[in-house]
Amino acid sequence: MPAQLLEHKFQVVKCTLSGIKPSLVRFPDGRWNDVAKNFFMNQIRGQQLFGKIFSIVRGEMRIELVVRRPDNAEQVNIQELLVRSGYAEVAEESYLSQQNHTYREEARLDETQLDTKAAWKSVKSPFNYETAPKQARRMVRLRGPCSPLEVKPYGVTLTSRMRVVKVEQDSINFVLLDDEPQDKHERLLVAGHLSLSASGDAIRCRHTSLMPSFHGLPALVTLLFTPCMELRVNKKKTHYTGALCGLGPDPVTGRSLFPDHDIELTFDTCIDVDDVLLINAVRSAVNLGVGSDGHIANWAESAVSGLQDRARQKLLSLIRKQRKPLDADVFMRQNQWNQVDPDDIIHHGLDDEFMPEDGRLLQYHNGVYIDPPEDEGNEEELRADNVRMIRDILNRKRMDDVVECRLCSVRCHCLRDLTLHVSTTQHRERQTPYDDS
């Protein structure tokens, strides 16, 4: 590049949209395709754009992009539009991005606020290691070589949880790195072959595949193919918290038929009765296609194709469903069957024409009755209660758990983060209608 060109100030800044990522349902490789890019360009072409800086990491701006329509002065949030259109899904910002955002908010609230001309610059941590007092320094013994992004697989059955799970050394998945450490949802690693070590304390996996980071995928796959399932509910019976999967209980003793292979699931996303119905629909198609004892052989080709298409659509509906994150609620009496009140069981009500109930390849799952929250559907009342709860926490100056702001869909992990969040312009503007509550 000619030296005279370097004398001019830069004219372009790399920007990315904050708080979202490509929808894994539409883009399993995690990259935007041409369809998404064209949709984005059609929304911003010839429009007046405004970007609010969330953070700056390694010279890259993370912004909230807003389009102002010239005809009616309507403001459209591009992130929210991409999520509603199915091109993107909500994602938590990385640790570095959240840290930089916190420092920017602190600098903005400080008396020496950020200069407007320097607002695009990255804000560094105020901690100076060279001038730090000796009390803040200590010796730490490093261990390695290892990476903080490295993850270890574990088994889900009762016996495999007591053993170390290892991937064969010549596998590409021998070293698993988490490219989204801020995402706390579980991922699924499947293996084509398993073997025990000579001592029996380790399980070695071969022919492994790391599945995409679909939220709730491990639970859905288990519920789709488990022989028997019993749902878990929370104490208030407002939602499902998990499920026990396996061969089921002995009809006489009530104990597990094969406890070593039972799987106690704890949901990290919302799974409801509609999901159970979709799972039963897929299992019904499997029963007709595989376990109907040759009856399907007499069907016309169009009927078989229709059955496959319906099963495929049900399966895609199950996977593509947008699910809210759910805080883990571990069931106290794990690996024990018959923990549901018989009066709360919702029978599946499905009957197969070609096979008796005891001859089905896959038994159908029963649901469990849950009481919807008293204020479900009243989002305004929920937000008002959330505002009052945040005020109480700030007045008490004590925060015992993670707090989510319903107005901004932001999770705060400590009192300092909550204090900074409620002082942001975005939160104050959204809180104004609830100031009198």
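Residues numbered from 1 in each chain as written. Predicted model: local features only at pLDDT ≥ 70, side-chain atom pairs only at ≥ 80, totals over all residues. Heavy atoms only, no water.

Engineer: Any chance you could explain the pattern of salt bridges here in plain terms?
Structural biologist: A side chain with one charge may pair with a side chain of the opposite charge, provided their charged atoms come close. In total, this model carries 16 salt bridges according to the counting rule given. The partner of R62 in a salt bridge is E93, with the nearest N and O atoms 2.8 Å apart. With R62 in strand 4 (residues 60-68) and E93 in the loop between strand 6 (88-90) and helix 4 (95-109), this pair connects stretches of sequence that are 31 residues apart. When the shortest N-O distance is used, the salt bridge between E264 and R232 registers 3.1 Å. Of this pair, E264 sits in strand 14 (residues 263-266) while R232 is found in strand 12 (residues 228-233), placing the two residues 32 residues apart along the sequence. Under the relative-accessibility criterion, E264 is labelled buried at 4%. Owing to a relative accessible area of 1%, R232 belongs among the buried residues under this scheme. (Salt bridge = Lys/Arg side-chain N within 4 Å of Asp/Glu carboxyl O. Helix = DSSP H or I, 4+ residues; strand = E, 2+ residues; numbered from the N terminus. Buried < 20%, exposed > 50% of the residue type's maximum accessible area, 1.4 Å probe, protein only.)

Engineer: Explain the state of the cysteines here, please?
Structural biologist: Here is the idea: a disulfide is a covalent bond, and it sits between the sulfur atoms of two cysteines. For the structure shown, the criterion picks out 0 disulfides. The cysteine C405 is free of any disulfide, with C408 supplying the nearest cysteine sulfur at 3.9 Å. (Disulfide = S-S within 2.5 Å.)

Engineer: Which parts of the structure should I look at to understand the environment of E379?
Structural biologist: Position of E379 among the secondary structure elements: in helix 8 (residues 379-396). Note: C-alpha distance between E379 and R406 (27 residues apart in sequence) is 9.2 Å.

Engineer: Would you explain helix 8 in this entry?
Structural biologist: Quick reminder: α-helices carry 3.6 residues per turn. Residues three or four places apart thus point the same way. For helix 8, spanning 18 residues, the distance from its first C-alpha to its last is 26 Å, which sits close to the expected 26 Å at 1.5 Å a residue. For helix 8, the complete set of buried residues consists of L382, A384, N386, V387, I390 and I393. Packing partners of the buried residues in helix 8 comprise strand 17 (403-405), helix 9 (415-422) and helix 10 (425-431). Within two residues after helix 8, K397 carries a phi angle of roughly 55 degrees, on the positive side. (Expected span 1.5 Å × (residues − 1). Contact = heavy atoms within 4.5 Å.)

Engineer: Explanation requested: the sheet that holds strand 14 in the structure shown.
Structural biologist: Strands in a sheet are paired, the pairing made by backbone hydrogen bonds, and the direction either parallel or antiparallel. Ordered in space as 12-13-14, the 3 strands form an open sheet in which the pairing is antiparallel. Strands with a single pairing partner mark the edges of an open sheet, and in this sheet they are strand 12 and strand 14. Across the sheet, the mean angle from the axis of one strand to that of its neighbour is 20 degrees, orientation sign disregarded. (Pairing = 2+ DSSP bridges. Axes fitted to C-alpha atoms, helices over the stretch in contact; angles between N-to-C directions.)

Engineer: Got a minute to help me understand the packing of helix 8 against helix 9 in this structure?
Structural biologist: Relative placement of two packed helices is described by the angle separating their axes and the distance separating the axes. Helix 9 packs onto helix 8 with a crossing angle of 120 degrees between their chain directions and a minimal axis gap of 11 Å. Looking at the two axes, helix 8 sits oblique to helix 9. At the point where helix 8 passes helix 9, the crossing takes the left-handed sense. Of the residues in helix 9, those in contact with I390, I393 and L394 of helix 8 are L415, L418, T419 and V422. Split by residue class, the contact of helix 8 with helix 9 holds 6 nonpolar, 1 polar and no charged. (Parallel < 35°, antiparallel > 145°, perpendicular 65-115°, else oblique. Left-handed = near helix turned anticlockwise from the far one by under 90°. Nonpolar A, V, L, I, M, F, W, Y, C, P; charged D, E, K, R; others polar.)

Engineer: Where do I start with helix 5 (residues 217-225) in this structure?
Structural biologist: Judged by how many residues are buried, helix 5 sits mostly within the fold: 7 of 9 residues are covered. Among all positions in helix 5, only L217, P218, A219, L220, T222, L223 and L224 are buried.

Engineer: I keep staring at unusual backbone geometry and nothing clicks. Help me out?
Structural biologist: The phi angle of most residues is negative, glycine excepted, and most peptide bonds adopt the trans form. Not every positive phi belongs to a glycine, and R58 is a case in point at roughly 55 degrees. For R58, the location among the structural elements is in the loop between strand 3 (48-57) and strand 4.

Engineer: Looking at this structure, how should I read the environment of E92?
Structural biologist: Looking at where E92 falls in the secondary structure, it is placed in the loop between strand 6 and helix 4. Between the alpha carbons of E92 and V410 there is a distance of 9.0 Å; along the sequence they are 318 residues apart. At 3.2 Å, the side chain of E92 forms a polar contact with the side chain of Q98. (Polar contact = N/O pair within 3.5 Å; in protein donor to acceptor, adjacent residues only side chain to side chain.)

Engineer: Sorry, what's going on with a nonpolar patch on the surface here?
Structural biologist: Taken together, the side chains of L149, F174, V175 and L177 make up a nonpolar region of the molecular surface, amounting to roughly 350 Å² of accessible area. You can see V175 is positioned in the loop between strand 8 (164-167) and strand 9 (176-177). (Patch = residues over 30% accessible without salt bridge, like charges linked within 9 Å, V, L, I, M, F, W, Y side chains within 5 Å. Areas by Shrake-Rupley, 256 points an atom, 1.4 Å probe, with all protein chains shown as cover.)

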